[in-house]
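What follows is each chain in one-letter form.
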Amino acid sequence: MSAVQAIPNSRVVVLFLVMLVAAAGNTAMQSALPAIASELDMPDVLVSLAFSWSALLWVITAPKWARLSDRRGRKQLMSVGIIGFISSMGLCGLVLWLGLAGLIGPIVTFILFAIFRSLYGGFGSAAPPAVQAYVAARTERAERTKALSMLASSFGVGTVIGPATAHYLLFPPFGLAGPLIMFAIFGVAVLIALHVQLPNDTPRFAARGSVAAYPNSASMNALDTEDVDGEALGSVPDAEVRLPWRDERLASWLIAGLIGGHAQAIILGVVGFLVRDRLGLHDRPWEAVQASGSVMLIGAMATLLAQWGLIPILSLAARSSVLWGSILALIGTILTGVSHDFYGISTGFAIASLGFGLFRPGFTAGASLAVRRHEQGDVAGKIASINGAAYIFAPAVGVALLNWWEPATFILISASLVFLIIWGRRALIVPDEA
């Protein structure tokens with residue numbers, strides 16, 4: 001943690017935990033979701049829609065919080081994000097506990113769960129840009145990229161910790177609501193540490209935070225270092241840059257991000273339900289959480305392997321990363337779709353996650369390389385919007401197709417990836433690869 005030399009290590013740890021706890025809590029909840037749906041006897045699609053609602057609110061509110069990160073106290077906005085997370089996880093856990101105990105009906109449980117879940121979507125997105133801006137405003141330019149990359153890794157670590165710990169957080173009297181309530185308690189501890197360790201001192205440099213994508217399992221969100229770079233912002237023209245979505249330099253990369261992002265969101269949304277159904281765990285909810293959590297854990301580790309290992313070692317260009325990632329994702333999707341045991345599903349999902357782990361940074365880098373330096377902030381916002389938009393409807397659509405006819409889900413994902421591979425070979429070009 002020496003990369004953040006201008007900030008004491010104790011404060012760096014707090015900033016890391018602010019980023020980590022949300023990703024871990026979110027993925028722990030995803031691991032328990034299929035079992036919760038079974039216990040409440042609720043349609044899988046309705047339970048999935050609660051996550052869609054949260055993702056929609058994240059996409060709407062994240063840009064607003066990012067703009068506020070350079071005008072309001074960074075510590076204050078971090079607090080807003082953590083309080084939103086704590087409130088959402090705690091209240092959702094309480095509602096699920098009451099529903100699972102039979103004290104309130106399934107429909108009331110779902111409605112309240114969706115309402116309280118919106119607290120995370122609406123306020124949780126305030127923390128990441130505030131953390132970015134806090135670090136960028138207190139580090140020299142030479143240190144900044146390493147510092148922000150280290151903090152970005154907290155999302156990836158969180159996607160591993162969440163599924164890995166969910167099974168161990170199931171205990172009486174809370175049962176399946178245990179992971180939510182425990183992560184709310186973890187959030188309270190992080191909030192206390194934030195207020196004890198992080199003073200509202202005067203920043204050394206001007207800086208703002210960029211929009212962070214909605215955190216999901218096996219989906220690591222990188223922080224945009226250009227957007228939070230105070231010196232880079234100083235060269236930005238007075239008029240805010242607003243590129244059209246149809247900009248010929250960007251359009252193909254944004255389309256690729258939209259297609260690949262939706263394909264990834266669908267398989268992430270259905271894998272827990274697939275594990276529960278194909279392993280026959282409807283009546284064994286605790287085993288369902290363990291199995292689905294294990295598969296998600298393997299997928300998250302495969303994603304980290306791609307982003308922390310393969311990309312740096314192979315030095316893949318943006319176009320190659322997208323295309324090879326899509327090919328691996330296609331192979332993994334097909335294997336997941338035809339497997340009916342834990343080994344086959346986890347292997348297929350790991351290969352798919354490895355592919356998407358290559359795809360996402362490739363898409364991000366390609367869009368960034370396609371434009372000039374002073375346009376990076378707008379592009380970062382567009383990338384985050386596309387990443388978040390993929391989780392609004394795609395998971396629920398995937399679950400609906402899974403319940404209707406299982407192969408339909410994997411046919412849709414595979415067809416999307418085949419199109420992306422064929423079309424992308426011709427359409428995805430950046431200046432240094434032309």
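Residues numbered from 1 in each chain as written. Predicted model: local features only at pLDDT ≥ 70, side-chain atom pairs only at ≥ 80, totals over all residues. Heavy atoms only, no water.

The chain goes by MFS family permease in an unreviewed UniProt entry, where it is assigned to Sphingorhabdus rigui.

Draft legend 1. Expanded view of the overall build of the chain. When its secondary structure is counted, the chain shows 14 helices and zero strands. Here the chain holds 434 residues, and 59% of them are scored as buried. A separation of at least 24 residues holds for 85% of the contacts in the chain among residues at least 6 apart in sequence. (Helix = DSSP H or I, 4+ residues; strand = E, 2+ residues; numbered from the N terminus. Buried < 20%, exposed > 50% of the residue type's maximum accessible area, 1.4 Å probe, protein only. Contact = heavy atoms within 4.5 Å.)

Draft legend 2. Up close: the nonpolar core. Membership of the largest hydrophobic core comes to 115 residues, with the highest contact counts inside it found for Leu15, Met78, Phe85, Phe183 and Phe356. Of the residues forming this core, the biggest block, 18 residues, is contributed by helix α1 (residues 9-40). Shared between two domains, this core takes at least three residues from each, and those domains are domain 1 (1-214) and domain 2 (217-223 + 244-427). Apart from the residues lying within four places of it in its own chain, the contact partners of Leu15 are Met78, Val131, Tyr134, Val135, Leu151 and Leu198. (Core = buried A, V, L, I, M, F, W, Y, C linked by side-chain atoms within 4.5 Å. Domains from an automatic or database assignment.)

Draft legend 3. Layout of empty space enclosed by the protein. For the structure shown, the criterion picks out five cavities of 30 Å³ or more. Quantified by volume, the second largest cavity comes out at close to 80 Å³. Contributing to the lining of the second largest cavity are Leu33, Ile36, Leu40, Met42, Val47, Leu96, Pro106, Thr109, Phe110 and Phe113. Top contributing element to the lining of the second largest cavity by residue count: helix α4 (residues 106-123), with four residues. Across the lining of the second largest cavity, the residue classes break down as nine nonpolar, one polar and no charged. (1 Å grid on protein atoms, 1.4 Å probe; cavity = no way out; pocket = protein on both sides within 12 Å on 5 of 7 lines; lining within 4 Å. Points joined across faces, edges and corners; volume = space filled by probe spheres on them. Nonpolar A, V, L, I, M, F, W, Y, C, P; charged D, E, K, R; others polar.)

Draft legend 4. Layout of the side chain of Gln264. Mapped onto the fold, Gln264 is located in helix α9 (residues 251-278). Residue class for Gln264 comes out buried when judged on its relative accessible area of 2%. Among the polar contacts made by the side chain of Gln264, one reaches the side chain of Arg360 at a distance of 2.9 Å. (Polar contact = N/O pair within 3.5 Å; in protein donor to acceptor, adjacent residues only side chain to side chain.)

Draft legend 5. Inspection of the packing of helix α10 (residues 285-314) against helix α12 (residues 342-369) at higher detail. Where α10 contacts α12, the axes come no closer than 8 Å and their chain directions differ by 35°. With respect to the hand of their crossing, α10 and α12 are arranged in right-handed fashion. Classifying every residue of the contact of α10 with α12 by side-chain character gives 16 nonpolar, seven polar and one charged. (Axes fitted to C-alpha atoms, helices over the stretch in contact; angles between N-to-C directions. Left-handed = near helix turned anticlockwise from the far one by under 90°.)

Draft legend 6. Summary view of a nonpolar patch on the surface. A cluster of nonpolar side chains, namely Ile107, Ile111 and Ile115, defines an oily patch on the protein surface of about 280 Å² accessible area. Relative to the helices and strands, Ile111 resides in helix α4. (Patch = residues over 30% accessible without salt bridge, like charges linked within 9 Å, V, L, I, M, F, W, Y side chains within 5 Å. Areas by Shrake-Rupley, 256 points an atom, 1.4 Å probe, with all protein chains shown as cover. Salt bridge = Lys/Arg side-chain N within 4 Å of Asp/Glu carboxyl O.)

Draft legend 7. Local environment of helix α5 (residues 127-136). Within α5, ten of the ten residues are buried, which leaves the element mostly enclosed by the surrounding structure. Listing the buried residues of α5 in full gives Ala127, Pro128, Pro129, Ala130, Val131, Gln132, Ala133, Tyr134, Val135 and Ala136.

Draft legend 8. Region of the structure containing the side chain of Ser252. Position of Ser252 relative to the elements: it lies in helix α9. Reaching out from Ser252, the side chain makes a polar contact with the backbone oxygen of Ala427 at a distance of 3.3 Å.

Draft legend 9. Region of the structure containing the packing of aromatic side chains. Following the criterion strictly, the structure yields eight aromatic pairs and no others. Considering the side-chain rings of Phe171 and Phe174, the 6.0 Å spacing of their centres and the 80° angle between planes classify their relative orientation as edge-to-face. Seen from their ring centres, Phe419 and Trp423 are 5.9 Å apart, and the 10° between their planes marks the pair as stacked. In this pair, Phe419 and Trp423 both sit in helix α14 (residues 406-427), four residues apart, roughly one turn of the helix. Through pairs of rings, three or more aromatic residues link up here, namely Trp58, Phe85 and Tyr120. Its end group placed over the ring of Phe51, Arg117 keeps NZ or CZ at 4.5 Å from the ring centre. (Phe/Tyr/Trp six-rings, centres within 6.5 Å; stacked < 30°, edge-to-face > 60°. Lys NZ or Arg CZ within 6 Å of the ring centre and 35° of its normal.)

Draft legend 10. The pattern of salt bridges, seen in detail. One pass over the full model with this rule turns up four salt bridges. In this structure, Asp44 and Arg276 form a salt bridge, with 2.6 Å as the shortest nitrogen-oxygen distance. With Asp44 in helix α2 (residues 44-68) and Arg276 in helix α9, this pair connects stretches of sequence that are 232 residues apart. Per residue, the accessibility class of Asp44 equals that of Arg276, and both read buried. For Arg284, the salt bridge goes to Glu287, with nearest N and O atoms at 3.2 Å.

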